[in-house]
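Residue-level structural notes
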Amino acid sequence: MSYLDRIRAANTHDLGKFLPFSVSGTRVGCVKNDFAQTLARWPEVFRVDERGVTLAARLDSKGVPAEERTQAVGEVLQRLREDGLIDGWRDELYPVNRSWSEPAFLLIERAALPRLGVRGYGVHMNGFVRGTDGLTMWVARRSLTKPTGAG
């Protein structure tokens, strides 16, 4: 997929195919409807209804430690990995929050970020270079061995 194809894909979406994902009343992501129904198989961890996806009541109150949420959600994500629904597993826990500097509501496996529609961060650099033939642009390309977005 070309860089331009990725830009088009990122800017073309039907929000009707998604449900908001919230933790303790704060929206942190967006889950595709079909995947939300998959999460509903674990009512002890996730609550899914027409309004959105939240954590089960015992995990969703503001006083619940992030570690407890991380453990419960992590067990579900591991099962989904075993079922082939999450690929590119890295064994890298990633914070679920609204901004880089905000404390995490919980930590999840990085490979699950797209499934829960959680904001992810990474580093990507392009550059402009002046040479004898004029201005050129270097466009970074991901390694072909990356588990997600290779090339």
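Residues numbered from 1 in each chain as written. Predicted model: local features only at pLDDT ≥ 70, side-chain atom pairs only at ≥ 80, totals over all residues. Heavy atoms only, no water.

Quick look at the nonpolar core
Ranked by internal contacts, the top residues of the largest apolar core, which has 31 residues, are F21, L39, F46 and I108. At the level of secondary structure, the elements contributing two or more residues to this core comprise β1 (18-23), β2 (26-32), α2 (33-39), β4 (52-55), α4 (66-82), β5 (93-96), β6 (106-109) and α5 (113-116). For this core, the element with the highest residue contribution is α4, accounting for five residues. Each residue touching I108, except ones within four places of it in the same chain, is listed here: V73, L77, E92, L93, Y94, V96, L113, L116 and V118. (Core = buried A, V, L, I, M, F, W, Y, C linked by side-chain atoms within 4.5 Å. Buried < 20%, exposed > 50% of the residue type's maximum accessible area, 1.4 Å probe, protein only. Helix = DSSP H or I, 4+ residues; strand = E, 2+ residues; numbered from the N terminus. Contact = heavy atoms within 4.5 Å.)

Here we look at the packing of aromatic side chains
Within the structure shown, the criterion is met by two aromatic pairs. Seen from their ring centres, F21 and F46 are 6.5 Å apart, and the 55 degrees between their planes marks the pair as tilted. With a gap of 25 residues between them, F21 in strand β1 and F46 in strand β3 (residues 46-49) connect regions that are remote in the sequence. Judged by its relative accessible area of 2%, F21 is buried. What makes F46 buried here is its relative accessible area of 2%. Relative to Y121, the ring of W100 lies with its centre 5.0 Å away and its plane at 80 degrees, an arrangement referred to as edge-to-face. Placement of W100 in the loop between β5 and β6 and of Y121 in the loop between α5 and β7 (127-131) is noted, with a sequence separation of 21 residues between them. (Phe/Tyr/Trp six-rings, centres within 6.5 Å; stacked < 30°, edge-to-face > 60°.)

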